[in-house]
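# Inside the fold
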Protein chains: 2
Amino acid sequence: MLVWERPEPPDRPTPAPLSRERIVRAAVRLADADGLDAVSLRKVAGALDVGPMRLYGYIATKEELLDLMVDAVHAEIRPTGDGWREVLRSLAETTRRAAHRHEWLADLIGGRPQLGPNTLASGEAVAAGMGGVDLGTVVPAIAAVNAYVIGAVRREITERRAERASGMDQRQWQATFGPYLRRTFATGRFPALAAVVHDGPHLDADRTFRAGLDFLLDGIGARIAG
Amino acid sequence: MLVWERPEPPDRPTPAPLSRERIVRAAVRLADADGLDAVSLRKVAGALDVGPMRLYGYIATKEELLDLMVDAVHAEIRPTGDGWREVLRSLAETTRRAAHRHEWLADLIGGRPQLGPNTLASGEAVAAGMGGVDLGTVVPAIAAVNAYVIGAVRREITERRAERASGMDQRQWQATFGPYLRRTFATGRFPALAAVVHDGPHLDADRTFRAGLDFLLDGIGARIAG
DNA sequence: GCCGCTCTTGATACAGTGTATCGACAGATA
DNA sequence: TATCTGTCGATACACTGTATCAAGAGCGGC
């Protein structure tokens, strides 16, 4: 036996076999911790103590990995409730909560067609909860709520990042962009906008999300009733 | 005079001076033609017959260039109309049309806080058209329409790309994903979803967009009336 | 008209990306 | 034991955004 032979590291007895799931979990962990930019094939492979090319035995391309990540978080989106209204609201709120837990979801959501098992399961839960509603209304209603959630989540996360990037809280944010906005508004080119921003209510993220969702659900309800 | 001196190319008498606007226009042209991936600083610079580093005299970072591109297309989004409903509808439809002209907008929209002059001008047009509506309603109403448009446009463009990538028309698309979906639905794990997909209406993109928008506007109208 | 200074400009370089290629090695088969 | 097969990972390639810095152009002072 060669004396310089390296002994097996005893604290990792048998490396768990690689799998799509393990790869996706590692990618999600990286993205949760440091954002989507931290998800490179090299880093994911590194987190699994494996060469980068190894991953190509399990995924065809990086895009596919991103799709799998999105489908993975859809496991956390399982709408419930009695009646179409509660179900649609649950769809919206659970999606939003998932985006809070995984901010990178805002970068990906709505950007690729999703047909993975977890995404389909979410769709099934919604469809199953819409019983009694006319099919001609169910399809556009679900599509509309989905569209609203995608956009609302994107805007909310974007804003949250901007605030965080410029100091921490809202006061800091205003201090950063305040001068530019003040100057711009001072030109008098945007009087109506200035009035709305100045005199309008400053709703927090929760209230804004719910207000828009209520508009939408009210409109859908009117169609179902009438 | 040296004989091997290269004479001035006569067909480009004086190269137009570089400017932010010219850079942004070139970037938009590239993105329109070949998608966002075709927008690299080297390619943009190349389109302007200039070294890549030259751009940094006009933009601080690539992110800034993307922001400027988004603001530039906001010049095409100028909502008009009589009354809040027409104005909000116009905001939605002009945004959607801009995204049709510049599909890459779907990748960027909602992904960064937008405070550029054209974006503010769009906001001003909307705010100005909401006269008479209670300020406490104006803010969440605009936010809701914006969120809906972002999500709807994203989904629509995404779908359009998927169809195009897999052949050209809808028949091809179904031929590509049909087998997988058929198999998946055949497992019986998604009965409600299968029923909706099978028996529900197949609306085209225009109708879907308008249906969702109508839901939202109806809901907002109910709040304004009541 | 010529020197020296400042600012602009572009070549080079660096660290990182996704992915193709292909030699080496392990395990199975004869 | 010898050969075949298929997996694995080192290396390489083209490309990205951006920092650095030497060369050059324009210009004021003598």
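- You'll find chain A entered in an unreviewed UniProt entry as Transcriptional regulator, TetR family, with Actinokineospora spheciospongiae given as the organism.

### What to know about the interface of chain B and chain A
- In this assembly, 53 residues from chain B lie in contact with 52 residues from chain A.
- Mapped by element, the contributors of at least two residues to the side of chain B that touches chain A are α6 (117-129), α7 (135-165), α8 (170-186), α9 (191-199) and α10 (205-225) of chain B.
- Counting residues per element, the side of chain B that touches chain A draws most heavily on α7 of chain B, which supplies 19 residues.
- Of the residues contributing to the side of chain B that touches chain A, the split by class is 31 nonpolar, 12 polar and 10 charged.

### A word on the packing of helix α4 (residues 83-101) of chain A against helix α10 (residues 205-225) of chain A
Residue and element names in this part refer to chain A.
- Interaxial distance between α4 and α10 falls to 11 Å at its minimum, and their mutual angle equals 155°. The pairing of α4 with α10 is recorded here as roughly antiparallel in orientation. As α4 runs across α10, the sense of the crossing is right-handed. Judged by residue contacts, Arg85, Leu88, Arg89, Ala92 and Arg96 of α4 engage Phe209, Leu213, Leu217 and Gly221 from α10.

### Regarding the relation of the copies chain B and chain A
- Take chain B, turn it by 180°, move it 0.0 Å along the axis, and it overlays chain A with an RMSD of 0.0 Å. Look at the turn and shift together and you get a two-fold axis relating the two.
- A shared binding surface is used by both copies, with 98% of the interface residues of chain B retained as interface residues in chain A.

### Regarding the protein's contact with DNA strand D
- Surrounding DNA strand D, one finds 13 residues, the nearest of these being Gly51, Met53 and Arg54 of chain A together with Ser40 and Lys62 of chain B.
- Examining the composition of the surface near DNA strand D, we find that three residues originate from one element, helix α2 (residues 41-47) of chain B, more than from any other.

### Observations concerning the UniProt feature "DNA-binding region" (unreviewed entry) in chain A
- As annotated by UniProt and renumbered to match this structure, "DNA-binding region" (unreviewed entry) occupies residues 40-59 of chain A.
- The straight-line gap between the two end C-alpha atoms of residues 40-59 of chain A is 13 Å; of that span, 35% is helix and 0% is strand.

### Topic: the environment of Val24 of chain A
Residue and element names in this part refer to chain A.
- Along the chain, Val24 falls in helix α1 (residues 20-34).
- Taking the number of C-beta atoms within 10 Å as the measure of exposure, Val24 has 22 and is therefore buried.
- The residues touching Val24, leaving out its near neighbours within four places in the chain, are Leu68, Met69 and Ala72.

### As for the protein's contact with DNA strand C
- Near DNA strand C lie 13 residues; those nearest to it are Ser40, Leu41 and Lys62 of chain A together with Gly51 and Met53 of chain B.
- Residue contributions to the surface near DNA strand C peak at three residues, all from helix α2 (residues 41-47) of chain A.
- Considering only residue class, the surface near DNA strand C consists of five nonpolar, four polar and four charged.

Conventions we followed
- Residues numbered from 1 in each chain as written.
- Chains lettered and ligands numbered in written order.
- Predicted model: local features only at pLDDT ≥ 70, side-chain atom pairs only at ≥ 80, totals over all residues.
- Contact = placed C-beta atoms within 7 Å.
- Helix = DSSP H or I, 4+ residues; strand = E, 2+ residues; numbered from the N terminus.
- Nonpolar A, V, L, I, M, F, W, Y, C, P; charged D, E, K, R; others polar.
- Axes fitted to C-alpha atoms, helices over the stretch in contact; angles between N-to-C directions.
- Parallel < 35°, antiparallel > 145°, perpendicular 65-115°, else oblique.
- Left-handed = near helix turned anticlockwise from the far one by under 90°.
- Least-squares fit on C-alpha atoms with pLDDT ≥ 70 in both.
- Near = placed C-beta within 6 Å.
- UniProt positions renumbered as here; feature names shortened; annotations may be inferred.
- Buried ≥ 20, exposed ≤ 12 C-beta atoms within 10 Å, placed from the backbone.

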